[in-house]
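# Descriptive analysis of the structure
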Amino acid sequence: MNLKEIEIIYNCQPTPGIILKADAPSFSIALVNHSFHHLVPMSSAYQPGETFFDAFTADHDCDMQMAAHIYEAFNFVLSEKKLYQIQDMNFHSSRGELQDLGEQHWRLDIYPLLDENQVVNYIAISYTDISIQVLAERSIDEFSLFNNLEHLEKEVLQLNSSKDVALTAVLSCYTKGIEALFPKMRCSIMQIKNNRMYNWSSPSLPKKFITAIDGIEIGISKGSCGTAAYLKKEVISNDIANDPRWANFHEFATAAGLKACWSYPIINTDRQVLATFGIYYLEIKNPDLGEQKIIERAAALLQVILENRQHQEVYRNLFQFSPQPTFVYDPVSLKFLDVNDAAVNDYGYSREEFLAMDLTDIRPEEDIKDFMHMIKNELQEGFYHTTPARHRKKSGEIMLVFTKGNSIPYNGKEARLVMAIDETARIKAEEALMTSERRFKTLIHDGADLIFILDTDNNYLYVSPNAERLLHIQPDSLLGKNVFDFIHPLDLPLFKTEFAKLNSLKSIDLTPFRYTNGNNEIRWAEMVVTDLRNEPGIEGILANARDITQRTNYIHAIEQHNLHLSEIKWSQAHLVRAPLARIMGIVELLKDTESEPDTFHTLMSYLHISARELDSIIQETIKSKIQSHN
């Protein structure tokens with residue numbers, strides 16, 4: 001295929017795409033399809049010949065690794081002549097317009113376009129938007145991470161309930177578990193006793209540093225932990241070397257490679273500081289919201305451990321602050337035990353209404369049987385379970401969701417936690433796209449109209465697939481041939497004259513004409529031609545043609561029928577009058593009662609002859625009418 005043919009095909013594709021020349025190492029842009037223009041309006045500024053890596057750059061966070069990956073993919077396609085997929089790419093244009101689209105993730109399908117000699121002429125890139133999927137998976141990964149943290153807390157609580165396990169072993173288990181989940185963290189629990197700090201558990205901090213701070217008195221400018229214990233509030237030190245609260249101790253921290261420390265006081269119900277929970281980093285760093293929640297969560301758990309209080313609110317922040325609707329339910333009764341704010345907002349039920357319902361109340365009635373079968377046969381305690389589902393809002397609106405759940409302890413009994421991700425918009429958009437594609441395919445493949453595009457010399461550039469059915473000609477065999485070669489010689493002059501009017505008119509309805517099909521039959525057609533030579537993506541004359549042979553033959557048959565009726569009318573007007581006139585004359589002569597007998601017999605003989613002649617004419621007229629109707 002040449003570039004124009006490729007452009008026509010690629011402009012019909014719903015996915016964004018770019019065609020590159022196989023001119024390694026430049027990989028110049030040959031064309032950008034309509035879908036890419038719709039995605040990025042500024043892409044029209046990309047000029048043919050501009051290299052891909054000048055127009056598009058990998059996200060700066062990738063440190064050019066993605067650019068190297070793409071370059072490797074291009075060379076693979078050139079050498080192996082096979083498809084190469086990049087599963088997840090985050091990129092922006094060198095002009096910056098893609099930054100306005102927010103965080104975007106794409107799957108790239110890179111494949112060669114070969115000529116008849118199997119030589120790679122062009123490289124095609126098709127972009128599939130997987131942003132929703134990536135972001136959803138990221139949300140699930142974050143949920144999984146915090147769920148692992150919750151499992152750690154459960155283990156620590158169970159460990160703490162055993163009288164044979166020392167408190168230091170429980171705290172060590174907890175700090176080591178946190179560091180395993182968050183490898184960049186260096187955790188420390190310092191006991192506060194008699195207004196002094198003593199090491200309880202600091203598994204990854206250097207011994208020299210622990211020795212230097214062990215036993216110091218709490219107060220202002222006593223590091224993050226000493227200050228937090230004194231002020232009874234968290235202390236965030238994002239740069240130890242330049243923080244005045246570390247003025248007397250930053251040499252020890254610097255020698256240990258510690259550059260940031262956040263500390264949280266563990267306070268009992270009597271407002272006494274029992275301990276501090278500190279997190280150190282080997283880089284200058286401020287806590288993000290997730291890390292801030294980890295500190296608060298750990299402090300809450302440590303308070304429970306240190307005061308032997310039941311673990312009731314450890315997961316609350318994660319649960320309530322989740323942007324996705326999240327439920328806790330009883331796996332036996334299916335009753336809701338708790339719901340977060342996102343569930344209340346998205347589903348329309350109040351929290352009280354939820355707690356009076358069970359899971360079947362948010363399912364369409366026709367889905368309940370399959371849902372109960374899933375509950376009975378698929379859910380296992382302690383294992384994740386994911387499934388697509390239909391949920392019903394209070395308004396009756398149906399949501400298409402993706403659910404992910406697992407078992408958790410809740411108020412001393414087994415329960416399940418479920419997150420519901422609303423994918424209604426994405427699924428409906430995909431269904432609409434599939435419907436549109438099927439409609440387009442039906443129009444092109446099964447329609448009654450033949451669609452083709454001509455170049456400026458009236459040669460076929462594109463012919464719709466239904467040409468084989470309508471013309472008995474393979475579409476590809478018409479490419480490059482001239483449309484005038486198929487027009488009947490008697491109709492060709494008028495056809496050319498009308499066609500030439502496209503130089504001044506945008507669209508023309510051509511006079512019906514005859515053409516020769518693939519079976520060498522003479523057929524009739526009507527056609528509308530539109531000048532789209534200046535329209536990007538078409539750049540030619542668009543023609544919609546329809547075969548009207550049956551209609552033309554029908555009109556011709558009617559005309560012949562009318563002509564025959566005219567002949568019958570003439571016969572009635574002229575042939576019948578002669579014998580009728582003779583009969584009328586003879587009747588006048590017969591009125592003369594003095595006529596001789598011989599004369600009377602002669603007139604009667606003439607009357608009989610004229611009557612028979614008139615009868616013959618009438619019979620012939622009736623016969624002609626019958627034949628004309630048949």
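Right, let's walk through the structure included here. (Residues numbered from 1 in each chain as written. Predicted model: local features only at pLDDT ≥ 70, side-chain atom pairs only at ≥ 80, totals over all residues. Heavy atoms only, no water.)

## Remarks on the overall build of the chain
Each helix and strand in the chain was counted, giving 21 helices and 22 strands. Expressed as a percentage of the 630 residues in the chain, the buried residues total 43%. Long-range contacts, defined as pairs at least 24 residues apart, comprise 48% of the intrachain contacts of the chain with a sequence gap of at least 6. Split by element, the accessible area of the chain, about 34,400 Å² in all, is 52% carbon and sulfur. (Helix = DSSP H or I, 4+ residues; strand = E, 2+ residues; numbered from the N terminus. Buried < 20%, exposed > 50% of the residue type's maximum accessible area, 1.4 Å probe, protein only. Contact = heavy atoms within 4.5 Å. Areas by Shrake-Rupley, 256 points an atom, 1.4 Å probe, with all protein chains shown as cover.)

## Concerning a nonpolar patch on the surface
A cluster of nonpolar side chains, contributed by Ile220, Tyr230 and Leu231, occupies part of the molecular surface with about 300 Å² of accessible area. Considering the arrangement of structural elements, one finds Tyr230 in helix 8 (residues 223-231). Judged by relative accessible area, which is 48%, Tyr230 ranks as partly exposed. (Patch = residues over 30% accessible without salt bridge, like charges linked within 9 Å, V, L, I, M, F, W, Y side chains within 5 Å. Salt bridge = Lys/Arg side-chain N within 4 Å of Asp/Glu carboxyl O.)

## Details of the sheet that holds strand 19 (residues 460-463)
One open sheet holds the 5 strands; their spatial order is 19-18-22-21-20, and the pairing between them is antiparallel. The open sheet is flanked by strand 19 and strand 20 (507-516), the only strands paired with a single partner. Between one strand axis and the next, the sheet turns by 25 degrees as a mean value, whatever way the strands run. Relative to strand 19, strand 18 (residues 450-454) is paired through 3 bridges, and the arrangement is antiparallel. Bridging across to strand 19, Leu454 finds its partner in Tyr460. Of the strands in this sheet, strand 18, strand 20, strand 21 (522-532) and strand 22 (540-547) are in contact with helix 18 (residues 492-499), which crosses strand 20 at around 155 degrees. (Pairing = 2+ DSSP bridges. Axes fitted to C-alpha atoms, helices over the stretch in contact; angles between N-to-C directions.)

## Comments concerning the nonpolar core
The biggest cluster of nonpolar side chains holds 30 residues, and the ones touching the most others in it are Tyr174, Ile178, Met185 and Phe277. Of all the secondary-structure elements, those providing two or more residues to this core are helix 5 (131-160), helix 6 (167-181), strand 8 (186-193), strand 11 (260-267), strand 12 (273-281) and helix 10 (289-307). Here this core takes 8 residues from helix 10, the largest share from any one element. Of all hydrophobic cores here, the second largest spans 27 residues; its members include Val463, Ala467, Leu471 and Leu492. (Core = buried A, V, L, I, M, F, W, Y, C linked by side-chain atoms within 4.5 Å.)

## Side note on the packing of aromatic side chains
To describe a pair of aromatic rings, one takes the distance between the centres and the angle between the planes. Counting across every chain of the model gives 25 aromatic pairs. Geometrically, the ring pair formed by Phe209 and Tyr280 is edge-to-face, given 5.6 Å between the ring centres and 80 degrees between the ring planes. Pair noted here: Phe209 is in helix 7 (residues 207-213) and Tyr280 is in strand 12, with a separation of 71 residues, a long-range link. Both residues of the pair, Phe209 and Tyr280, count as buried. Plain terms: the ring middles of Trp262 and Tyr281 are 4.9 Å apart, the flat faces sit at 40 degrees to each other, and that makes the pair tilted. Taken together, the positions of Trp262 in strand 11 and Tyr281 in strand 12 put the pair 19 residues apart, joining distant regions of the chain. For the pair Trp262 and Tyr281, a shared accessibility class is recorded, and that class is buried. Among the aromatic residues, ring-to-ring pairing joins Phe27, Phe52, Phe53, Tyr71 and Phe74 into one connected group. Above the plane of the ring of Tyr281 lies Lys285, whose end atom (NZ or CZ) is 5.5 Å from the centre. If you follow Lys404 out to its NZ or CZ, it ends over the ring of Tyr384, 4.5 Å from the centre. (Phe/Tyr/Trp six-rings, centres within 6.5 Å; stacked < 30°, edge-to-face > 60°. Lys NZ or Arg CZ within 6 Å of the ring centre and 35° of its normal.)

## Quick look at helix 10
Along an α-helix, residues three or four positions apart point the same way, because every turn accommodates 3.6 residues. Along its 19 residues, helix 10 runs 27 Å from first to last C-alpha, staying within 8% of the 27 Å computed at 1.5 Å per residue. Residues Glu291, Gln292, Lys293, Ile294, Ile295, Arg297, Ala298, Ala299, Leu301, Leu302, Val304 and Ile305 constitute the buried set of helix 10. (Expected span 1.5 Å × (residues − 1).)

## Topic: the sheet that holds strand 14 (residues 336-339)
Judged by pairing direction, the sheet is antiparallel, and its 5 strands sit side by side in the order 14-13-17-16-15 without closing on themselves. The open sheet has two edge strands, strand 14 and strand 15 (385-392), and neither has a second partner. Ignoring strand direction, the axes of neighbouring strands in this sheet form an average angle of 30 degrees. Alignment of strand 13 (residues 326-329) against strand 14, held across 3 bridges, turns out to be antiparallel. Counted as the bridge partner of Val328 is Asp338 from strand 14.

## Considerations on the pattern of salt bridges
Within this structure, the stated rule accounts for 18 salt bridges. Among the ionic pairs, Arg351 bridges to Asp338, the shortest N-O distance being 3.8 Å. Here the residue Arg351 occupies a position in helix 13 (residues 351-355), and Asp338 occupies one in strand 14, the gap between them amounting to 13 residues. A relative accessible area of 25% places Arg351 in the partly exposed class. Between Arg390 and Asp367 there is a salt bridge; the shortest N-O distance is 2.9 Å. In this pair, Arg390 sits in strand 15 while Asp367 sits in the loop between helix 13 and helix 14 (368-377), placing the two residues 23 residues apart along the sequence. Residues participating in the shared-partner salt-bridge network are Glu150, Glu153 and Arg297.

## Details of the environment of Gly257
By the element assignment, Gly257 lies in the loop between helix 9 (250-255) and strand 11. When its relative accessible area of 29% is taken as the criterion, Gly257 is described as partly exposed. As a C-alpha pair, Gly257 and Tyr281 span 24 residues in sequence and 8.6 Å in three-dimensional space. Ignoring sequence-local partners within four residues, the contact set of Gly257 consists of Tyr281 and Leu282.

## Side note on the state of the cysteines
One way to say it: the disulfide is the covalent bond shared by the sulfur atoms of two cysteines. Considering all chains together, one arrives at 0 disulfides under this definition. No disulfide involves Cys261; its sulfur sits 4.7 Å from that of Cys225, the nearest cysteine. Using a relative accessible area of 0% as the deciding quantity, one classes Cys261 as buried. (Disulfide = S-S within 2.5 Å.)

## Remarks on the pairing of strand 1 (residues 17-21)
Among the 5 residues that make up strand 1, 4 are buried, leaving the element largely enclosed by the rest of the structure. With 5 bridges connecting them, strand 1 and strand 7 (residues 120-129) associate as antiparallel partners. Bridge pairing links Ile18 to Ile125 in strand 7. Pairing of strand 1 with strand 2 (residues 29-32) involves 3 bridges; the strand directions are antiparallel.

## Considering helix 6
For helix 6, with 15 residues, the first-to-last C-alpha span of 21 Å sits near the 21 Å given by 1.5 Å per residue. Regarding helix 6, the residues found buried are Val170, Leu171, Ser172, Cys173, Tyr174, Thr175, Gly177, Ile178 and Glu179.

## A look at the packing of helix 6 against helix 10
Packing of helix 6 against helix 10 brings their axes to within 12 Å, and their N-to-C directions diverge by 165 degrees. Classified by the angle between their axes, helix 6 and helix 10 sit roughly antiparallel to one another. At the point where helix 6 passes helix 10, the crossing takes the right-handed sense. On the side of helix 6, the interface is formed by Leu167, Val170, Leu171, Tyr174 and Ile178, while helix 10 contributes Arg297, Ala298, Leu301, Leu302, Ile305 and Leu306. (Parallel < 35°, antiparallel > 145°, perpendicular 65-115°, else oblique. Left-handed = near helix turned anticlockwise from the far one by under 90°.)

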